[in-house]
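Spelled out, the chains give:
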Amino acid sequence: MHLTIQESGVLSGEIPVYGSKNASLPLLAASLLTSEEVILHNIPAIRDLFSMKEIMTSLGATVVRDGNTVSITATTVGTSKISEDTVGALRGSILLLGALLGRNRTVTLPLPGGDIIGARPIDAHMDGFAQLGAHITSRADEVSIDGKDMKAGTVVLKEFSVTATENILLVASTLPGTTVIHIAAAEPHVVALCDLLRAMGATITGDGTHTITIEGNEHLHGAEVTNIPDMLEAGFFILLAAATHSKLTVTNVPVDHLLLFFKKCKEIGIRYEISGTNVTVHPSELRPFKMQVLPYPGIPTDLQAPFAVIATQASGSSLIHDPMYEGRFKHIFELEKMGAKAVVCDPHRVLITGPTALSGKRIPSLDLRSGATLIIAGLIAKGETIIDQAELIGRGYADIVPRLQAIGANIEQHE
Ligand code: EPU
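Residues numbered from 1 in each chain as written. Predicted model: local features only at pLDDT ≥ 70, side-chain atom pairs only at ≥ 80, totals over all residues. Heavy atoms only, no water.

(A) Up close: the domain arrangement of the protein. When cut into domains, the protein gives domain 1 (2-18 + 229-414) and domain 2 (21-226). Between domain 1 and domain 2, the C-alpha centre-to-centre distance is 30 Å. The interface of domain 1 with domain 2 comprises 25 residues on the first partner and 19 residues on the second. Regarding the contact of domain 1 and domain 2, the summed buried area is about 1,800 Å², with carbon and sulfur atoms giving 57% of it. Joining domain 1 to domain 2, the criterion identifies one salt bridge. Among the salt bridges present, the one from Asp-48 reaches Arg-395, with a minimum N-O distance of 2.8 Å. Counting across the interface, domain 1 meets domain 2 through five residue pairs in polar contact (both at pLDDT 80 or more). Of all elements in the fold, only helix H8 (231-243) and helix H12 (368-380) reach the threshold of two or more residues within the side of domain 1 that touches domain 2. A class-by-class count of the residues in the side of domain 1 that touches domain 2 yields 12 nonpolar, four polar and nine charged. (Domains from an automatic or database assignment. Contact = heavy atoms within 4.5 Å. Buried area = accessible area lost by both parts, 1.4 Å probe. Salt bridge = Lys/Arg side-chain N within 4 Å of Asp/Glu carboxyl O. Polar contact = N/O pair within 3.5 Å; in protein donor to acceptor, adjacent residues only side chain to side chain. Helix = DSSP H or I, 4+ residues; strand = E, 2+ residues; numbered from the N terminus. Nonpolar A, V, L, I, M, F, W, Y, C, P; charged D, E, K, R; others polar.)

In structure tokens:
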């Protein structure tokens, strides 16, 4: 699949933010912890979640989608090995470790390989499970975890890992007694998972901070919750509006999840006003900036890439520092083909000097976030931009083409 994009000038109107991808994955995983029905609202129709549904169905769960509501009943959950292909296609399937340990006390999963945005080892997860008494057998291509001796206790994670925190939450919610997770990730999607686990019968405090306490419950029950809006999609649309000098209202924005992001936007000169969950961006003169991404409440690494397009349009040199991932600057090489002036200093830092006029090119979408970023570049570039492998963008953004067309973007999708 590829996208064709023409320079689109100033965009206008309203663009809605959908439900969070990175909250949907742990919410779906948590639904495997009970035999009763779990109903999840505001779950976006994106490829990663179709893959998750496929895996859950293969494990014996009934997963029904009606619009953006997904109902899951996992009367029993199989212990059969999950296929390598599905784990390869979906890094978030790592959350099945915690869910299946919680439900069956045993799991075998093919090892998720490194991907295009860095190695992302799973040691933080294994180390966390081991601290609760899990016996882990790692082979070259898979990991088996025997959780029959797991007990509530203290876990000190080796970094603020989002999915490792979620994995420990999933299993600890089923272990009688008190588990404390230190060095926990504080992302809003971790809190969203805790909200569901509480609704299912676990007692959890401290989520949203780096120390979370869980009183587990062996008999979790069904629940119904509404997913949070996607802060990454919201930030992406706000930066898209700024780069295209548009007056655009982004609706359903989780403003409280983006406090430092908004502060950085102000520093860059992006003019916006907030009214409840609506954010209206006004045409702005962009200033160069220095930005470092960090675990929450820092500016999310997943929003780093679109800032690079902003930097190409700001007058002067901007420095973007991503200390979290090595190898998350591949979009920079594509932006350079389009005319950007950039120096990748090392795997974690890039210096971009603007303003530069971009021109349309045929470029690949390298991963979900960098692919979406190239859409912004295409909208401001002279001539036609063609983005190949655009299905990667569909992993995390639903209806991206019609939503952008509705605000005046000249973008077409081709199968
Ligand atoms: N890291 C640090 N220091 C920390 C925490 C993390 O350097 O204190 C590094 C890790 O070493 C790793 C990277 O940051 O290289 C990400 O670590 P983490 O374990 O938190 O990532 P994850 O749980 O595998 C989730 C999201 C990612 C998102 C990261 C970081 C899901 C399913 N995935 O991954 O989302 O980038 O957290 O916020 O929630 C995406 O949506 O495009 C995506 C890749």
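(B) Representation of the packing of helix H4 (residues 95-104) against helix H6 (residues 162-172) in the model. Where H4 meets H6, the axes come as close as 7 Å, and the angle between the chain directions of the two elements is 10 degrees. Overall, the two elements H4 and H6 adopt an arrangement that is roughly parallel. Where H4 abuts H6, its residues Leu-95, Leu-97, Gly-98, Ala-99, Leu-101 and Gly-102 lie against Thr-163, Glu-166, Asn-167, Leu-170 and Val-171. Each residue belonging to the contact of H4 with H6 can be placed in one class, and the counts come to six nonpolar, four polar and one charged. (Axes fitted to C-alpha atoms, helices over the stretch in contact; angles between N-to-C directions. Parallel < 35°, antiparallel > 145°, perpendicular 65-115°, else oblique.)

(C) View of helix H11 (residues 330-337). Within H11 the residues assigned to the buried category are His-331, Ile-332, Glu-334 and Leu-335. All buried residues of H11 project into a common sector of 160 degrees when viewed along the axis, lining one side. Buried residues belonging to H11 abut helix H10 (304-313), strand S19 (341-346), strand S20 (349-354), strand S21 (362-364) and H12. (Buried < 20%, exposed > 50% of the residue type's maximum accessible area, 1.4 Å probe, protein only. Arc of directions from axis to C-beta.)

(D) Region of the structure containing helix H7 (residues 188-199). The end-to-end C-alpha distance of H7 is 17 Å, a good match for the 16 Å that 12 residues give at a rise of 1.5 Å each. Those residues of H7 that fall on the buried side of the exposure criterion are Pro-188, His-189, Val-190, Ala-192, Leu-193, Cys-194, Leu-196 and Leu-197. Just past H7, the residue Gly-201 takes up positive phi, approximately 120 degrees. (Expected span 1.5 Å × (residues − 1).)

(E) Local environment of the side chain of Ser-161. Tracing the backbone through its elements, the reader meets Ser-161 in the loop between strand S9 (154-156) and H6. Reaching out from Ser-161, the side chain makes a polar contact with the backbone nitrogen of Ala-164 at a distance of 3.2 Å. Setting aside residues no more than four positions away along its own chain, Ser-161 makes contact with Ala-124, His-125 and Ala-185.

(F) Region of interest: the site of the ligand. Neighbouring the ligand are 19 residues; Ser-161, Thr-163, Asp-302, Tyr-325 and Arg-369 lie closest to it. The separation between an oxygen atom of the ligand and a polar side-chain atom of Lys-21 is 3.0 Å. At 3.0 Å from an oxygen atom of the ligand is found a side-chain nitrogen or oxygen belonging to Asn-22. Here the ligand loses 88% of its free accessible area of 830 Å² to cover by the protein chains. Broken down by secondary-structure element, the contributors of at least two residues to the shell around the ligand are helix H1 (21-30), H6 and H12. By residue number, the principal contributor to the shell around the ligand is H1, which donates three residues. For the shell around the ligand, the class distribution of residues is eight nonpolar, four polar and seven charged. Two domains each provide a minimum of three residues to the shell around the ligand, namely domain 1 (2-18 + 229-414) and domain 2 (21-226). (Near = heavy atom within 4 Å. Areas by Shrake-Rupley, 256 points an atom, 1.4 Å probe, with all protein chains shown as cover.)

(G) Region of the structure containing the packing of aromatic side chains. Tallying each qualifying case throughout the model produces six aromatic pairs. Between Phe-236 and Tyr-397 the ring centres are 5.3 Å apart and the planes differ by 50 degrees, which places this aromatic pair in the tilted class. Here the residue Phe-236 occupies a position in helix H8, and Tyr-397 occupies one in the loop between strand S22 (384-388) and helix H13 (400-405), the gap between them amounting to 161 residues. Note on accessibility: Phe-236 and Tyr-397 belong to one class, buried. In textbook terms, an aromatic cluster arises when at least three aromatic residues are bridged by ring pairs, as seen for Phe-261, Phe-262, Tyr-272, Phe-289 and Phe-307. Over the ring of Tyr-18 we find Arg-403, and its NZ or CZ is 3.6 Å from the ring centre. (Phe/Tyr/Trp six-rings, centres within 6.5 Å; stacked < 30°, edge-to-face > 60°. Lys NZ or Arg CZ within 6 Å of the ring centre and 35° of its normal.)

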